[in-house]
Structures are given as C-alpha cells and as structure tokens.
There are 2 protein chains.
Amino acid sequence: MTIQTAAPTADAVRAALQEALRPESVTWDPAILQAYSRDYGPVDEPHTPLAVVFAGSAADVQATLRLANTLGFSVVARGAGTGVSGGAHATENTVVLSLERMNRILELRPEDEVAVVEPGVVNGDLNAAAAGHGLMYAPDPASFRQATIGGNIATNAGGLRCAKYGVTRDSVLGLDVVLADGTLIHVGRNTFKGVAGYDLTSLFVGSEGTLGIVVAATVRLRYLSVVQKSVAALFPDTALAAAGVLAIARARVQPAILELLDAGTLEVIDQAHGTNLAARGGTLLLVRTDGHGAAIEEALIREALGALGAEISAPGDPVADQLVELRRSSRGDGQDDEFRVGEDVAVPRSRLVGYITELGAIAARHDVKVRVVAHAGDGNLHPTFWVDPAEGPSGIGRLQVALDESVRAALDMGGTITGEHGVGQFKRRWLGWEQQAEVLELQRRLKDVFDPRGILNPGKAIQ
Amino acid sequence: MTIQTAAPTADAVRAALQEALRPESVTWDPAILQAYSRDYGPVDEPHTPLAVVFAGSAADVQATLRLANTLGFSVVARGAGTGVSGGAHATENTVVLSLERMNRILELRPEDEVAVVEPGVVNGDLNAAAAGHGLMYAPDPASFRQATIGGNIATNAGGLRCAKYGVTRDSVLGLDVVLADGTLIHVGRNTFKGVAGYDLTSLFVGSEGTLGIVVAATVRLRYLSVVQKSVAALFPDTALAAAGVLAIARARVQPAILELLDAGTLEVIDQAHGTNLAARGGTLLLVRTDGHGAAIEEALIREALGALGAEISAPGDPVADQLVELRRSSRGDGQDDEFRVGEDVAVPRSRLVGYITELGAIAARHDVKVRVVAHAGDGNLHPTFWVDPAEGPSGIGRLQVALDESVRAALDMGGTITGEHGVGQFKRRWLGWEQQAEVLELQRRLKDVFDPRGILNPGKAIQ
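Here we summarise the structure given alongside this text. (Residues numbered from 1 in each chain as written. Chains lettered and ligands numbered in written order. Predicted model: local features only at pLDDT ≥ 70, side-chain atom pairs only at ≥ 80, totals over all residues. Heavy atoms only, no water.)

What to know about unusual backbone geometry
Residue and element names in this part refer to chain A.
Then step 1. For Arg252, which is not glycine, the phi dihedral falls at a positive 60°.
Then step 2. Take Arg252: it is sitting in the loop between helix H9 (238-250) and strand E13 (257-261).
Then step 3. Despite not being glycine, Ala461 shows a phi value in the positive range, around 75°.
Then step 4. Along the polypeptide, Ala461 turns up in the segment after helix H16 (437-450). (Helix = DSSP H or I, 4+ residues; strand = E, 2+ residues; numbered from the N terminus.)

What about the pairing of strand E13 (residues 257-261) of chain B?
All names here are of chain B.
Then step 1. The buried count for E13 comes to five of five residues, which makes it a mostly enclosed element.
Then step 2. Residues of E13 alternate between two faces, with Ile257, Glu259 and Leu261 on one and Leu258 and Leu260 on the opposite face, all of them buried.
Then step 3. With three bridges connecting them, E13 and strand E18 (residues 369-375) associate as antiparallel partners. Counted as the bridge partner of Leu260 is Ala374 from E18. (Buried < 20%, exposed > 50% of the residue type's maximum accessible area, 1.4 Å probe, protein only. Pairing = 2+ DSSP bridges.)

Digging into the interface of chain A and chain B
Then step 1. Contacts between the two partners involve 87 residues from chain A and, on the opposite side, 87 residues from chain B.
Then step 2. When the two sides are added together, the surface that chain A and chain B hide from each other amounts to roughly 6,700 Å², 58% of it contributed by carbon and sulfur.
Then step 3. For chain A, the biggest contributors to the area lost against chain B are Lys193(A), Tyr198(A) and His292(A); these three give 15% of the whole.
Then step 4. At the junction of chain A and chain B, the tally comes to 10 salt bridges.
Then step 5. In this structure, Lys193(B) engages Glu420(A) in a salt bridge whose closest nitrogen and oxygen atoms are separated by 2.7 Å.
Then step 6. Joining chain A to chain B, the criterion identifies 40 residue pairs in polar contact (both at pLDDT 80 or more).
Then step 7. Those elements giving two or more residues to the side of chain A that touches chain B turn out to be helix H6 (162-165), helix H7 (168-171), strand E9 (184-188), helix H8 (200-204), H9, helix H11 (294-306), helix H15 (428-434) and H16 of chain A. (Contact = heavy atoms within 4.5 Å. Buried area = accessible area lost by both parts, 1.4 Å probe. Salt bridge = Lys/Arg side-chain N within 4 Å of Asp/Glu carboxyl O. Polar contact = N/O pair within 3.5 Å; in protein donor to acceptor, adjacent residues only side chain to side chain.)

What about the packing of aromatic side chains?
Then step 1. This model, assessed by the stated rule, comprises six aromatic pairs over all chains.
Then step 2. Residues Phe426(A) and Trp430(A) carry aromatic rings whose centres are separated by 5.5 Å and whose planes lie at 80° to one another, so their mutual orientation is edge-to-face.
Then step 3. If you follow Arg371(B) out to its NZ or CZ, it ends over the ring of Trp386(B), 5.0 Å from the centre. (Phe/Tyr/Trp six-rings, centres within 6.5 Å; stacked < 30°, edge-to-face > 60°. Lys NZ or Arg CZ within 6 Å of the ring centre and 35° of its normal.)

Details of the nonpolar core
Nonpolar side chains in soluble globular proteins tend to end up buried together.
Then step 1. Ranked by internal contacts, the top residues of the largest apolar core, which has 68 residues, are Leu175(A), Phe204(A), Phe450(A), Leu175(B), Phe204(B) and Phe450(B).
Then step 2. If sequence neighbours within four positions are ignored, Phe204(B) has contacts with Ile153(B), Leu175(B), Val177(B), Leu179(B), Ile185(B), Val187(B), Leu211(B), Gly212(B) and Phe450(B).
Then step 3. Core analysis: the next-biggest nonpolar cluster, separate from the first, contains 48 residues, Ala241(A), Ala242(A), Ala409(A) and Ala196(B) among them. (Core = buried A, V, L, I, M, F, W, Y, C linked by side-chain atoms within 4.5 Å.)

A look at the pairing of strand E19 (residues 380-386) of chain B
All names here are of chain B.
Then step 1. Within E19, six of the seven residues are buried, which leaves it mostly tucked inside the rest of the structure.
Then step 2. The sheet contact formed by strand E16 (residues 340-342) and E19 spans three bridges and is antiparallel. Along E19, the bridge assignment pairs Gly342 with Thr384.
Then step 3. Two strands pair when backbone bridges link them, and strand E17 (residues 345-346) and E19 are joined in this way by two bridges, in the antiparallel orientation.

Focus on the relation of the copies chain A and chain B
Then step 1. The two copies are related by a screw motion: chain A maps onto chain B through a turn of 180° and a shift of 0.0 Å along the axis, at an RMSD of 0.0 Å. The relationship between the two copies is best expressed as a two-fold rotation axis. Using C-alpha coordinates, one finds that chain A approaches the rotation axis most closely at Gly293(A), a distance of 1.8 Å.
Then step 2. The overlap is high: 100% of the interface residues of chain A also sit at the interface in chain B, so the same surface is used on both sides. (Least-squares fit on C-alpha atoms with pLDDT ≥ 70 in both.)

Spelled out as structure tokens, the structure:
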C-alpha cells in the first residue's frame, strides 16, 4: 500500500515541520540533506530528502509522524548512518528523522543488569558507562564507536562478541516505539524472562524502521570479563584455518571472539596499520576467550590449533590482543562503491571452507577480486568483491554477476543472504531467493497492519 | 473475529476427519477425549473436544486445518499437555490436534551444532541424542522428560539452565509452520545468525498455537559441559538467600543453574523424597556452574556465599548434585486445582527479596499458605498459593484475591505476569494489567492476519 495523498511540496513540509517542532530541530541545508541522504550501503538511485529532523524526544518523533500522515511524506529513521545495506537511504518524498540527539542513558541498574537508553546512544558510550559497573552491552558491530543502539536495533546488528553473547535481539528486553500513526507504545519487559503475549519486541528488532520508530530501549547487560586471553594463529591456507574453527568447537570451547581473516584482508590491515601480516602468507584466525575459565580455554585452543600445524602467537604476546583490536574496531578501508561491494552471508558452520573455496571459484570465473573476513564462530562471512574502477561498466557488470552467484552459493549450502547487515535496500533483490512467496506476502501483510499508508521507510527490509 | 459458519455436528466432523486422514489418526473414545481436553493448568470451564487427531505428518496437520475452514471448528494443537496455563485446554467446538506422534529427529548435525526435529520429539529425547555428540538442547523445563519441543516452542518454555543459556526462543533458528488456511511455510534460517526480513520465527515462538502450528523446528545445540560443579547453600532466611543471588552476580559468575527454594518448598521435597531439608530450617540456594571454568566459578561462589554466613555443602559432596537433580526433574507434587495454584511471575533481580517479603504479607493478609521456588538467576518466581480444600468456596475466594494481589505486586515492581509458563487461558485476566490497550489491539490485529476466521486455539495467549 502507498500513501494516498499527492506528494506535498518541500516548502509545505518544511514549514509544517518547523511549526510542529522547534526550528533548530529541522534543517534543509543542502550539505546536511546530502550527508543524510544515505548510509554506507550501495546506492541504487540517489534521492535528496525534503528535510532532516533531529528529534529531541519521543514527542518530536510523534509530531513528525503525524505530519507525515496529514501531509503525505514518508519517514526514514536514522541513527549514525553506519549501516551497509542502504536501510537508511532516502527515497522519494522522504523526511529523514535522525535520532542521534536522543542520546541519554536513562537508567543503568547494575544489580538488575539492565539499562534503559534513548536510541541515539552510541554503542561504545553505553559500553563505557556499563564498564564502570563491570558490565557490558554485548553486541559490538565493528562500527561500535559511531553506531547507535537504535540503529543496532533497526538492523539487529551483530558483531564480534556475538559468537558467545548473541546478537542485538538477544540483548533487547523491551522497547518504546512510535507507530506510524504517532501512537507511542511500550512492548516487551523489564525482566530477563517474560512471555506475556506475542513477541512484538523481536518483531521490531531488525525491521529497519519499517514497522515503527524506537524511541527507547530496555537492554540486558552482561558481565564484563576481567580476564581475556587472545590467540592469533596463522595457517598456510584457508582450508586449514576453517578446520581450526571446527577443532575449537570439538574442544567444546565457546570463544567470545573467533574471526577468520584471509590473505587479502591481511593486506588491507597491513596498508591501514603498517603491519606485515600478509608477507607471512596464509590465513589468520583470531580467537579471544573470556570469563573465569579464559586461561583454561586458551590452553585448549592452543592445543587444538597447534595440532593442525598453525603458527601460534606466544602466550602473553600482546600481538594477539592488538590484532583482535585492529579487527574489532576496524570499519575496513572506507566506503564501498559501485566497484567494490562487501557482502554478508551466513552458512552452516561446517560449510565455511566449502563456501570460501566456492568464492574463489566465482571470483576466478568472472575475473573479479575477492577477499574474506568471517565471524567464523557463527558461520557469518563478509566477502568483499571488487574490480578495477578503470574498467568502467564492464567491471561493474562482472562484479554484480559474481555477487549474485556468491549469494546463490550461500543459499545452496543452506545459508542466508544476510547474517547481520540487514536487507535494507541493497539486498531486497535476493530476498525472494531465500523466502517463499507466501512468506514474503505474510510480511507485506504485517507491514500493512503497522503501517497501512506506507509511511515508514518504504522500499526497505521486505519485498 | 470468530468463525462465520454455524457449528458443525460432532458426527460430521468425525466422519470428515476420518475420510481426510487415516482412520487410526482420529478418535472420539470418551476416555481419550477426556484426557486430551486439558493440560496441567487450572480449568475455568471444562469442554470436551469433538475429536482428537493424532497427526503423523505435516500433511495431516494441513488436512485438519482445511477441514476446520470448510466445516467450521477450531483447532487446539497439543504436545504432551504439560503446560500449566491452560494453553492446550479444549474450548467449545474444538478438535484437539496432538503432535506427539510426529516425534522424529530429522537431522542432527554435530559440526553445525544444529538439529531439525518434528514437534512431538520429547525434550529429554533430543537431549539424549545430542549428548551422544557432546551437545545439548539448552531449554530444560522441569517437565523435560515428558514435554515436547513443539509444546516448548508454543509456550517459549524456560527451565533451569536458561539463566546461562537463554529460553526456547534463543535456541530456535527456524520453523516449518502450517498456517490457519493449511498453507505450509518455512520461516527463519539454518544458520546461527540471519536477519533476512521480519523475525517471524520469534513471533511464532510463544504464540501458543494461535498463529500457526509448528510441524518442524531447526534448533541450535550447545556444548554439553564435561565439568559441572554444584553448590547447595542453606541460609537462615530468604532475605539472606536473595542477598546470595546478588553476591554471585557481583562475583561476575554466570551459573548454569541458580535456584532458590524456600522452607515450604523444602518440605515438599522432603515429603516426596524422604529427605530432611526442612528440619534444618531456612532457604536453600542451589547453584551449578559448568564449562571449562566451572571449578574456578565454584570457588568464587563458595567464597561469596560463605561471606554471607551460609551453610555450604562440602566440595565434592554429592548431596548438592542430588538436590539440583531433585529440583531439576521435579514436577512438584501433582496437579494444581482450585485450592492450589502455582504462579509464574518475574521481577527485576534486585527486587527478588522485596517480592518474596510481599508474598508473605499477601498470604498473611488473606489467610492463605504460600511457598516459593525461584529461578533466581532470572528473577523468575514460582510461588504456590493454597488453602485447605475443606474450606470450600470461601477458601477459593481468598486464594483468588491473593493471586491477583501477587500479580499486581510483581507488576508494581517492574515485573511481568508470566516469566515462562505463558498466558494460555488462565493468565488472560491479567494481561491487560501489564499491556496497554494499544498493544493488546495490535496483537489482535496480528492474530487476524494469521487467522482471520479465529480457527487456531481461540481464547488463548492474547486478550
């Protein structure tokens, strides 16, 4: 369903927003419109928003949505814009609603291990506040220093620590949400457990602002480990590194972090940080254990990886920790464009090595380059495909074919088109490859219940 | 919305079911109708189903739902019937659809740490199969030896181990579901992570058969710890025991199991097992650590609880393990009735002691008895209220008032009306105390999308 009203003029929208909100909450400065017109994801078709609203409260969000209904514009909610699937891209006739000024930690209750935050709180800031109480907010996307909790919730963000601690959905207990008609509701709970009614909280998490706009979140905190042990293990090839992932599992160790970085990824780190990892060749596994058993688990991991012939960092050598932090806080080497696309599939863990082999075959077949980094503990891979920009359209064409084949290969192995980045705008073309027509239709009908006029982030998340 | 068709005769329904299914899959034997007319929850109004169908396949479930549409009866799906909120109670004009014969483990993939099961697989049977590979299916309701995975999914069952490993929803990756119109869909994924589209899987989990009927589930398995350490700590009173719960948290230990049993609960165990726990007085904490750090964590727990003056089982004393197993596998002392009701609220963990104190005050005020067992690590309490059956209606009246007040008190402390048992039929009267009108309405509208004719388990789960 789409908006019934004819599209309003930009002037009318701007004037109405200024009247409904404080003037300093609304802007149409061209540079800001441009900056807020997209996130880090590939752009199919650029659009400039009619205005950007910087909400300061739930009431601002409600007022904006009420105007959207009366005037007939759509609303793209936005955190820090660090998403990589285009979930926050402006579309036609759009007001971008930034939540970044709603950045207060409303409650932090150490004994309950719970925090209540506004959506614009930066992930890293919540973690810094929690650390003062020996706690952490577990989901840690690589963009944690910029990304907001609201954006993390919109995309159900993952990260490195979710091998052990789960993704965003596993840490969100309750939400305050403004619905498309401006109604403010509270869903979920304030306790670790609770099964009252349907799980609307999980439905909103990962819905990319298409069902409602989160204005507060109650999140569970976890224990910040006082002990962490890191192991860096270099393998001669990716197949052996993937065998290492399974060997750690067979040792029945659940690492907090378990990352696989191939030779191409090591080159990127070398270029960014002046290291010389690639020169030593091969594929790197980075493993971090935490909790009171961290040292015991470290020893088990060393034994398991040593038996496979890996070159392992010495116990206590700070290089392993440094490498984990390099990987952990890296946003990679800048923004993707039409000549370079980072992907985000997941496969059953036993298929890791088969999938990486297949990626190499796909790249060779279409004469594109590929490198891979993986949250290997979860079977979640981020291959990056690229071609030389000098090639122009022919390179872009081959890149797109390789992307399609890489996604198809993941599905053929029982995988998914997106492990943690979200469908957004960019991955919609593949959603029907994964989900049957009846499931796509069911999602459209749910969307209609929440947003009958199609105001909320149209053209995203579902097909 | 309700069924439009006039109610069919029992004979017509039975004949049509027999024609559509194999004859041995349908029964209206009075003893079976009676046995399948209810679960372990309190019964408001007894109803006898028109028939019981024992589905052997997804096709049987589809055929039953198609007939429900054409003939106009409603369908109550049922696992082992061990639920305690009346979610599987028969209502008027109902066919009970038992999934217990669909009890095959379809896949168990140790390297992926994933199993695919039919809904009638008994929780304990899946765990036994997984244990052969050093794995476990984490959710472990006290009824795990009888309860099915399908029933666990319908209620989003918890259990003892969810303090560390999460509830059913945290272990379910994907589902095959038959919708109200008989369509078979697959939702979710086959991988640990995945964010393609809306989280329909979480929506079905805990929906008590009101949105669709689960005919297969893909579940995540976890590592079965080879080391387990148990500690039994007796405190002079409940306030100190609750302080012990917080002391373990402050030691930053996440036990696999953390149970609190008050004096009244110890008496029940004594009666059932010939122990003499109650004679020693006070409140018992049962703690189990697992994983490679189990011994280190055990030592930290001993230190924390010892500092509070608890009487702690000696290291290695088998009594602690025995007590955990007694608690773990106990279904309590039989079925509740109108004179005795077990409850299931959850509160923020810091409110445990305040809530237990309040329970005592409520019981005293209304001259009813109360005892408490709690999954203390989660703040999830199971108080049992009872009166002497000899009192008749006046006792029942006081019991109901005490129940209402106990639920209100939990909500006043930021808690929920149900931590893990589900709303079913019994707790619907309290749902509106917890959830605002707009949220109740939103759930009705979702129900309408999935089940426009009101065929699936009417009168359950939502208000």
